Amino acid sequence: MSGPDCGPRHVAIIMDGNGRWAQARGRPRLFGHHAGARRVREVVECCPALGVKYLTIFAFSTENWKRTQVEVAGLMSLFRRYISKEMKALAAKNVRVRFIGDRVRLDAKLINLMDALERETAENDGTHLTIALNYGSRDEVARAIRRLAQDVADGRLDPADVDEETLPRYLDTHVLPDPDLVIRTSGEARISNFLLWQSAYAEYEFIDTLWPDFTAEELAALCQSYGRRDRRFGAVKP
Ligand code: FPP
């Protein structure tokens, strides 16, 4: 922990409720996703003041392909637009962007933009923004085990040396610390295949706000409340 008043150093967010937000306004779901994308900027910008060094956001899950073709295509187009539009601002604000998730199902144009944004911000050392895109924790663990098994097969890794420090080195998040605080908006209290291994000891906040209504003030309040929690990691206080 390093933030002001011992706030969370790594916050991970399941940005839920865009569809309901749009529906309440009689608009199509994509209208909600566009409003949600605008929230991302405000939240990224408030991180330095809150001492949040790592921010990880769930933009598209391995299960989200089950949505209508219109919604999936609209989201992919939104991600392309977001990256093109925000690239300069993120680079100028010293944000380092990374993507986690499996890129195989993503189109070449989007992958190129993701690569460009990662490259463009690679030297930045301010907020580390990680965007989970076509991400699912079970898929990530399966891909990690595939690579680990290959290392065993090739004689680079002895199975006797595999312990709980080994698998994280193969995860998409291998360069990130574990999340301290996981927030889910929109009143749903589930984690939907998000950072399952990494969040073993995270604190959770399930809040009713729909993602397009989420504000920097609300994040500040959640960080403050995190600072008052007693994290014991399975131990007892002397
Ligand atoms: C969940 O709300 C939201 C998503 C599946 C997409 C998240 C995407 C964004 C916030 C947009 C932009 C992100 C970036 C990085 C540019 P939902 O559609 O499941 O809402 P519902 O539960 O109300 O239907």
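Structural data are supplied above this passage.
Let me sum up the structure you'll find in this document. Fair warning: this is a prediction, and the values are worked out from it, not measured in the lab. (Residues numbered from 1 in each chain as written. Predicted model: local features only at pLDDT ≥ 70, side-chain atom pairs only at ≥ 80, totals over all residues. Heavy atoms only, no water.)

## With respect to a negative patch on the surface
On the surface, a cluster of negative charge is contributed by Asp-158, Asp-161, Asp-163, Glu-164 and Glu-165. Within the fold, Glu-164 resides in the loop between α5 (137–153) and β5 (181–184). (Patch = residues over 30% accessible without salt bridge, like charges linked within 9 Å, V, L, I, M, F, W, Y side chains within 5 Å. Areas by Shrake-Rupley, 256 points an atom, 1.4 Å probe, with all protein chains shown as cover. Salt bridge = Lys/Arg side-chain N within 4 Å of Asp/Glu carboxyl O. Lys, Arg positive; Asp, Glu negative; His and termini not counted. Charge placed at Lys NZ, Arg CZ, Asp CG, Glu CD. Helix = DSSP H or I, 4+ residues; strand = E, 2+ residues; numbered from the N terminus.)

## Some words on the layout of surface pockets
By volume, the largest pocket is sized at about 650 Å³. Taken together, 31 residues form the lining of the largest pocket, with Met-15, Phe-58, Ala-59, Phe-60 and Asn-64 sitting closest to its centre. Looking at the lining of the largest pocket, its residues break down into 17 nonpolar, eight polar and six charged. (1 Å grid on protein atoms, 1.4 Å probe; cavity = no way out; pocket = protein on both sides within 12 Å on 5 of 7 lines; lining within 4 Å. Points joined across faces, edges and corners; volume = space filled by probe spheres on them. Nonpolar A, V, L, I, M, F, W, Y, C, P; charged D, E, K, R; others polar.)

## Focus: the packing of aromatic side chains
To describe a pair of aromatic rings, one takes the distance between the centres and the angle between the planes. For the structure shown, the criterion picks out nine aromatic pairs. On the basis of an interplanar angle of 85 degrees and a centroid distance of 6.3 Å, the ring pair of Phe-60 and Phe-79 is categorised as edge-to-face. One end of the pair, Phe-60, is in strand β2 (residues 54–61); the other, Phe-79, is in helix α3 (residues 69–92), with 19 residues separating them in the sequence. For the pair Phe-60 and Phe-79, a shared accessibility class is recorded, and that class is buried. Taking 6.2 Å as the distance between ring centres and 90 degrees as the angle between the ring planes, the aromatic pair formed by Tyr-135 and Phe-194 counts as edge-to-face. Pair noted here: Tyr-135 is in strand β4 (residues 128–135) and Phe-194 is in the loop between β5 and β6 (203–206), with a separation of 59 residues, a long-range link. Exposure remark for Tyr-135: the relative accessible area of 0% places this residue in the buried category. In this structure an aromatic cluster arises from ring pairing among Phe-58, Tyr-135 and Phe-194. Here the guanidinium or amino end of Arg-25 rests over the ring plane of Trp-21, the centre of that ring lying 4.0 Å away. One Lys or Arg, Arg-27, reaches over the ring of Phe-31 and ends 4.0 Å from the middle of that ring. (Phe/Tyr/Trp six-rings, centres within 6.5 Å; stacked < 30°, edge-to-face > 60°. Buried < 20%, exposed > 50% of the residue type's maximum accessible area, 1.4 Å probe, protein only. Lys NZ or Arg CZ within 6 Å of the ring centre and 35° of its normal.)

## What to know about helix α4 (residues 108–120)
With 13 residues, α4 extends 18 Å from end C-alpha to end C-alpha; this agrees with the ideal 18 Å at 1.5 Å per step. Leu-110, Leu-113, Met-114, Ala-116 and Leu-117 are the residues of α4 that are buried. When α4 is viewed along its axis, its buried side chains cluster within an angular range of 160 degrees and face the same direction. Within α4, the exposed residues directed more than 90 degrees away from the buried face are Ala-108, Asn-112 and Arg-119. Summarising the contacts, the buried residues of α4 are in contact with α3, β3 (96–100) and β4. Capping the start of α4 is the job of one residue whose side-chain oxygen sits 3.1 Å from the backbone nitrogen of Lys-109: Asp-107. (Expected span 1.5 Å × (residues − 1). Arc of directions from axis to C-beta. Contact = heavy atoms within 4.5 Å. Polar contact = N/O pair within 3.5 Å; in protein donor to acceptor, adjacent residues only side chain to side chain.)

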